[in-house]
Amino acid sequence: MENSIYLDEARDPLIIAEGWMKDGKDVAIATVVETWGSAPRPVGSHLVIDAEGNFHGSVSGGCVEGAVVTEAIDVIDSGKAKMLEFGVADETAWQVGLSCGGRIKVYVERLG
Amino acid sequence: MDPYALKTLNAERRARRAAILVTDLGDGRDRIVREGDQVAGELGAAIAKAFRSGNSGSVEAEGRTFFLNAHLPQPCLVVIGAVHISQALAPMAKIAGYPVEIIDPRTAFATSDRFPNVALHAEWPEDVLSRQPLDSYTALAAVTHDPKIDDFALKAALDANCFYVGALGSRKTHAKRVERLLALGATADQIARIHAPIGLDIGAASPAEIAVAVLAQAIQAFRSRGLEAKDAAA
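Just so it is clear, the model here is predicted, and its values are computed rather than measured. (Residues numbered from 1 in each chain as written. Chains lettered and ligands numbered in written order. Predicted model: local features only at pLDDT ≥ 70, side-chain atom pairs only at ≥ 80, totals over all residues. Heavy atoms only, no water.)

With that out of the way, let us pick up the nonpolar core. All names here are of chain B. Of all hydrophobic cores here, the largest spans 44 residues; its most connected members are Ile 20, Val 22, Leu 43, Ile 47, Leu 68, Leu 77 and Tyr 164. Residue contributions to this core peak at seven residues, all from helix H8 (residues 207-223). When residues of this core are assigned to domains, at least three map to each of domain 1 (3-71) and domain 2 (76-223). Other than its neighbours up to four places away in sequence, Leu 77 contacts Leu 89, Ala 93, Pro 99, Val 100, Glu 101, Ala 139, Leu 140 and Ala 141. In terms of nonpolar packing, the next biggest core, distinct from the first, is built from 21 residues, Leu 134, Leu 154, Val 165 and Ile 191 among them. (Core = buried A, V, L, I, M, F, W, Y, C linked by side-chain atoms within 4.5 Å. Buried < 20%, exposed > 50% of the residue type's maximum accessible area, 1.4 Å probe, protein only. Helix = DSSP H or I, 4+ residues; strand = E, 2+ residues; numbered from the N terminus. Domains from an automatic or database assignment. Contact = heavy atoms within 4.5 Å.)

Shown next as structure tokens:
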């Protein structure tokens, strides 16, 4: 049980996103909005991304973060939110699949 | 996400207050709802449910799809009294997901030998609670049945609207305690919130069994937050 009653500010994605915003950076926020089957991160989990591709937090066990970062940079440019869906990994999409066998939906939006 | 919503959300989270970020997945608009804010209709019902469960998720309401991201503070338990019951209660509560702090000014009781791996304060509750005030996501169990130690903490827990306030002692002991708390300025409504005798009535006999009864009662109080008010209004 690693639960503290205080926020872990140094690792908290939403605190980091606010800090980036104060530094004048462009930021995207990705949120797990739905999961099916065994998903590594619960609904509500965040990955925050800046325009250079720096990121904090997670939306999976590291399986799809690369793809989300790429899409997030697109979202920062366009300002248009995207809904991404990731399913079971197969041969054609192994780089962006979930090897755990679950499926997740990730909402990616620009901050501001 | 609206930058103002993010700032507000982070401020609420830092202050250990519950908040839900409501995002319209159709147009991307979002807003923060604080616990206790009135929201009408199906969306309001879903928001109330999310505050109780702490679960995030999508909801269809008013012909739109909203995502509710529920941010609840980590609930925790403060135990007044480094006694035998507390020795069982501390590890049990931790396993159940409620971090524990124990306060007891009696240095013979509050030893790390008796309480390994527990946040322990061998100080008066007055001193600890002025540094670290109680809040509505904290449960307080007073188990010394020494008025000098328990009373201040009980009054502080009622004033801070702790989600659970329990006090060890028989009905007779509690009747005397009620008189003292009234003299300290507690209201009748506040007194009614104290669980005494402490713990669910499971016939607990040993200190460890009493700890189970206390923990179960605290969890029950946590998971039914806000329901009493709703019942009273209905």
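Picking up after the structure, the text goes on.
Turning our eyes to something else, we now look at the interface of chain A and chain B. Contact residues are listed per partner, giving 27 residues for chain A and 27 residues for chain B. Contact between chain A and chain B buries roughly 2,200 Å² in total, counting both sides, with carbon and sulfur atoms accounting for 62%. Counting across the chain A and chain B interface gives two salt bridges. In this structure, Arg 14 of chain B engages Glu 9 of chain A in a salt bridge whose closest nitrogen and oxygen atoms are separated by 2.8 Å. Our enumeration of links across chain A and chain B arrives at 10 residue pairs in polar contact (both at pLDDT 80 or more). Counting residues per element, the ones that place at least two in the side of chain A that touches chain B are helix H1 (13-22), strand E1 (27-36) and strand E5 (103-110) of chain A. Within the side of chain A that touches chain B, the residues separate by chemical class into 15 nonpolar, six polar and six charged. (Buried area = accessible area lost by both parts, 1.4 Å probe. Salt bridge = Lys/Arg side-chain N within 4 Å of Asp/Glu carboxyl O. Polar contact = N/O pair within 3.5 Å; in protein donor to acceptor, adjacent residues only side chain to side chain. Nonpolar A, V, L, I, M, F, W, Y, C, P; charged D, E, K, R; others polar.)

Residues and elements named next belong to chain B. For the structure shown, the criterion picks out 21 salt bridges over all chains. With a closest N to O distance of 3.0 Å, Glu 123 and Arg 131 form a salt bridge. The class of Arg 131 is partly exposed, set by a relative accessible area of 49%. Residue Lys 148 is joined to Asp 146 by a salt bridge in which the shortest nitrogen-to-oxygen separation is 3.4 Å. For Lys 148, a relative accessible area of 57% gives the class exposed. Overlapping salt bridges bring together Asp 24, Asp 27, Arg 29 and Arg 64 as one network.

Turning next to the confidence of the model for chain B. For chain B, the mean per-residue pLDDT works out to 94, and 97% of the residues sit at or above 70. With pLDDT under 50 throughout, residues 230-234 of chain B is counted as low confidence; its partners more than four residues away or in other chains account for zero contacts. (pLDDT = per-residue confidence, 0-100.)

To continue, consider the UniProt feature "domain: XdhC- CoxI" (unreviewed entry) in chain A. Taken from the UniProt record, the annotation "domain: XdhC- CoxI" (unreviewed entry) applies to residues 20-87 of chain A. Between the C-alpha atoms that bound residues 20-87 of chain A there is a distance of 31 Å. The span itself is 25% helix and 34% strand. (UniProt positions renumbered as here; feature names shortened; annotations may be inferred.)

Here the largest pocket defines a volume of roughly 1,300 Å³. Along the walls of the largest pocket sit 41 residues, with Leu 7 and Asp 12 of chain A together with Arg 13, His 71 and Leu 72 of chain B positioned nearest its centre. Those elements giving two or more residues to the lining of the largest pocket turn out to be H1 of chain A together with helix H1 (3-14), strand E4 (64-71) and H8 of chain B. Its residues assigned to classes, the lining of the largest pocket comprises 14 nonpolar, 15 polar and 12 charged. Shared between two domains, the lining of the largest pocket holds at least three residues of each, these being domain 1 (3-71) and domain 2 (76-223) of chain B. (1 Å grid on protein atoms, 1.4 Å probe; cavity = no way out; pocket = protein on both sides within 12 Å on 5 of 7 lines; lining within 4 Å. Points joined across faces, edges and corners; volume = space filled by probe spheres on them.)

Contact geometry for H1 of chain A and H1 of chain B: axes closest at 10 Å, N-to-C directions at 135°. One finds that H1 of chain A runs oblique with respect to H1 of chain B. The two elements H1 of chain A and H1 of chain B meet at a crossing, and its hand is left-handed. For the pair H1 of chain A and H1 of chain B, the contacting residues are Leu 14, Ile 15, Ala 17, Glu 18 and Met 21 of chain A in the first and Pro 3, Leu 6, Lys 7, Leu 9, Asn 10, Arg 13 and Arg 14 of chain B in the second. (Axes fitted to C-alpha atoms, helices over the stretch in contact; angles between N-to-C directions. Parallel < 35°, antiparallel > 145°, perpendicular 65-115°, else oblique. Left-handed = near helix turned anticlockwise from the far one by under 90°.)

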